[in-house]
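Survey of secondary and tertiary structure
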Amino acid sequence: MKTVKQLLSTKSADIFSVPADTSVLNALRVMMEKNISALLILEERQLLGIFTERDYARKIILQGKASADTLLSEVMTADPITVSPGDSLDHCMQTMTDKHIRHLPVIQENQLIGMVSIGDVVKFIMEDQKQTISQLESYISS
């Protein structure tokens, strides 16, 4: 079974994060500039939380809060569910499905080393399946 480590090796090593005292408006600007739908909240390299588009819709828009006046510390999802590099992609998919989440920070030895999204996992699995099919077709035709 494929692992988180294998998936991370195919992705950019960039980790997009901001501190907890960032305004929601500034966090949204970062998300727009980087074309991402989730942003990690770090303090001295320690993962404090995650802020997603879903958090924005539910905790800002629907509650009538102002993005410019609200800090991420007030609306982020604190202590997010994480995975480790050795976890299987099946485990990631099951966790995301069971918990209704789309992003999993990856932690190794108490350090954040990356993040995987449901899109990353699906794309990686599809590419792996294409390779397997190609190898089987080659085997059959030879």
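In short, a report on the structure. (Residues numbered from 1 in each chain as written. Predicted model: local features only at pLDDT ≥ 70, side-chain atom pairs only at ≥ 80, totals over all residues. Heavy atoms only, no water.)

To continue, consider the environment of Ala-13. Here Ala-13 lies in the loop between α1 (4–8) and β1 (17–18). A residue is classified by how much of its surface remains accessible, and Ala-13, at 71% relative accessible area, is exposed. Sequence spacing of Ala-13 and Leu-72 is 59 residues, and the spatial spacing of their C-alpha atoms is 24 Å. (Helix = DSSP H or I, 4+ residues; strand = E, 2+ residues; numbered from the N terminus. Buried < 20%, exposed > 50% of the residue type's maximum accessible area, 1.4 Å probe, protein only.)

Next up on the list: the pattern of salt bridges. Pairing between side chains becomes possible if they bear opposite charge and their charged atoms approach one another. Evaluation of the coordinates by the stated rule reveals four salt bridges. Between Asp-120 and Lys-11 there is a salt bridge, with the nearest N and O atoms lying 2.7 Å from each other. Of this pair, Asp-120 sits in helix α6 (residues 118–141) while Lys-11 sits in the loop between α1 and β1, and the two are 109 residues apart along the sequence. By relative accessible area, which is 29% here, Lys-11 ends up partly exposed. Residues Asp-55 and Lys-59 are paired through a salt bridge, measuring 3.3 Å at the closest nitrogen-oxygen approach. Of this pair, Asp-55 and Lys-59 both sit in helix α3 (residues 53–61), four residues apart, which is roughly one turn of the helix. In this structure Asp-55 comes out as buried when scored by relative accessible area, which is 7%. (Salt bridge = Lys/Arg side-chain N within 4 Å of Asp/Glu carboxyl O.)

Strand direction decides the pairing type here: strand β5 (residues 103–108) and strand β6 (residues 111–117), joined by six bridges, are antiparallel. Looking across to β6, one finds that Ile-107 is bridged to Leu-112. From the end of β5 to the start of β6, which pair antiparallel, there are two residues, and Glu-109 there has a positive phi angle of about 50°. (Pairing = 2+ DSSP bridges.)

Our focus in this paragraph is the packing of helix α5 (residues 89–99) against α6. Packed helix pairs are characterised by how far apart their axes lie and by the angle those axes make with each other. Between α5 and α6, the shortest axis-to-axis distance is 10 Å and the interhelical angle comes to 140°. Compared by their axis directions, α5 and α6 come out oblique. Crossing handedness for the pair α5 and α6: left-handed. Every residue of α6 that contacts α5 at Leu-89, Cys-92, Met-93 and Met-96 is listed here: Ile-118, Val-121, Phe-124 and Ile-125. (Axes fitted to C-alpha atoms, helices over the stretch in contact; angles between N-to-C directions. Parallel < 35°, antiparallel > 145°, perpendicular 65-115°, else oblique. Left-handed = near helix turned anticlockwise from the far one by under 90°. Contact = heavy atoms within 4.5 Å.)

Let's shift gears to the environment of Asp-55. Linking Asp-55 and Gly-86, residues 31 residues apart in sequence, is a C-alpha distance of 28 Å. Setting aside residues no more than four positions away along its own chain, Asp-55 makes contact with Ile-50, Ile-60, Val-75 and Thr-77.

Remember, this is a structural readout, not a statement about activity or role.
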